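# Structural characterization, general
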Amino acid sequence: MCIRDSPSVERGTTLGMSRTTDLPGGLEIRNLLAEDVTAVVEIENEAFTKPWRAETFCSMIDREGVELMVMVDKVDSVIGYAVLWCILDQGELANLALVPACRGSGLGAHLLSHVLDVSRDRDLKKLFLEVRASNTTAIDLYARFGFKDAGVRLGYYESPREDARVMVLDIK
């Protein structure tokens, strides 16, 4: 179960393994562990029409240039995750998703803030992402964090076929 109206996100501080402070209800953001993969794949299957398989996530654990993060509740159940690819001074937010019960709760902003903290720690200068053109909730979230439109990938998504908006953030 997710808590609505979560507190604000404070940047640049440290709280355990998470740099995102004031997470509600005993939530924490930490690195993905092998035992988290099953729960992450369940979220992936609910969030995306062409979901990644467990093998994909397992192959990324401890891989150079990949940051895998999970948001867990007070009993260590995974309620969200993010995948960040880092190449030189650029990053790509490959995936960010929450369990359906937590969508719209404000927790996505906490997870995105954590991704940005990790990006800064890795000295990334730009962060890119693709998002379905119809996913206005996600687009609005990214825009609130300063992401700007950088282009369109026509017919990028399948099931249904849809354009992707490419967005970029200059990291400060």
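Rules of the game
- Residues numbered from 1 in each chain as written.
- Predicted model: local features only at pLDDT ≥ 70, side-chain atom pairs only at ≥ 80, totals over all residues.
- Heavy atoms only, no water.
- Helix = DSSP H or I, 4+ residues; strand = E, 2+ residues; numbered from the N terminus.
- Buried < 20%, exposed > 50% of the residue type's maximum accessible area, 1.4 Å probe, protein only.
- Contact = heavy atoms within 4.5 Å.
- Phe/Tyr/Trp six-rings, centres within 6.5 Å; stacked < 30°, edge-to-face > 60°.
- pLDDT = per-residue confidence, 0-100.
- Pairing = 2+ DSSP bridges.
- Polar contact = N/O pair within 3.5 Å; in protein donor to acceptor, adjacent residues only side chain to side chain.

### Remarks on the overall build of the chain
- Counting its regular elements, the chain contains four helices and seven strands.
- When the helices and strands of the chain are read in sequence order from the N terminus, they spell out β-α-α-β-β-β-α-β-α-β-β.
- Burial status across the chain gives 47% buried among its 172 residues.
- Within the chain, counting contacts between residues at least 6 apart in sequence, those at least 24 apart form 60% of the total.

### Some points on the packing of aromatic side chains
- Scanning the entire structure with this criterion turns up five aromatic pairs.
- For the ring pair W52 and F57, a centre distance of 5.4 Å and an interplane angle of 50° mean the geometry is tilted.
- For F57, a relative accessible area of 0% corresponds to the buried category.
- Through pairs of rings, three or more aromatic residues link up here, namely W52, F57, Y81 and W85.

### A closer look at unusual backbone geometry
- Here the amide bond leading from S159 into P160 is cis, since omega sits at 0°, within 30 degrees of zero.
- Residues other than glycine seldom take positive phi values, yet D123 does so here, at roughly 60°.
- One non-glycine residue, S159, adopts positive backbone phi at about 55°.
- Inspection of the secondary structure assignment puts S159 in the loop between strand 6 (148-157) and strand 7 (162-170).

### Focus: the confidence of the model for the chain
- Confidence in the prediction for the chain averages 87 pLDDT; 87% of positions are at 70 or higher.
- Overall, residues 1-19 carries pLDDT values under 50, and its contacts beyond four positions in sequence, including any with other chains, amount to 54 contacts.

### Describing the pairing of strand 4 (residues 90-98)
- Within strand 4, seven of the nine residues are buried, which leaves it mostly tucked inside the rest of the structure.
- Summarising the sheet, strand 3 (residues 78-87) and strand 4 pair through eight bridges and their orientation is antiparallel. Within strand 4, the residue paired with W85 across the bridge is E92.
- By the bridge criterion, three bridges tie strand 4 to strand 5 (residues 126-132) in an arrangement that is parallel.

### Concerning the side chain of R132
- You can see R132 is positioned in strand 5.
- One polar contact links the side chain of R132 to the main-chain carbonyl oxygen of E158, over a distance of 2.9 Å.
- Residues in contact with R132, not counting those within four places in the same chain, are T49, I139, Y157, E158, S159, P160, E162 and D163.

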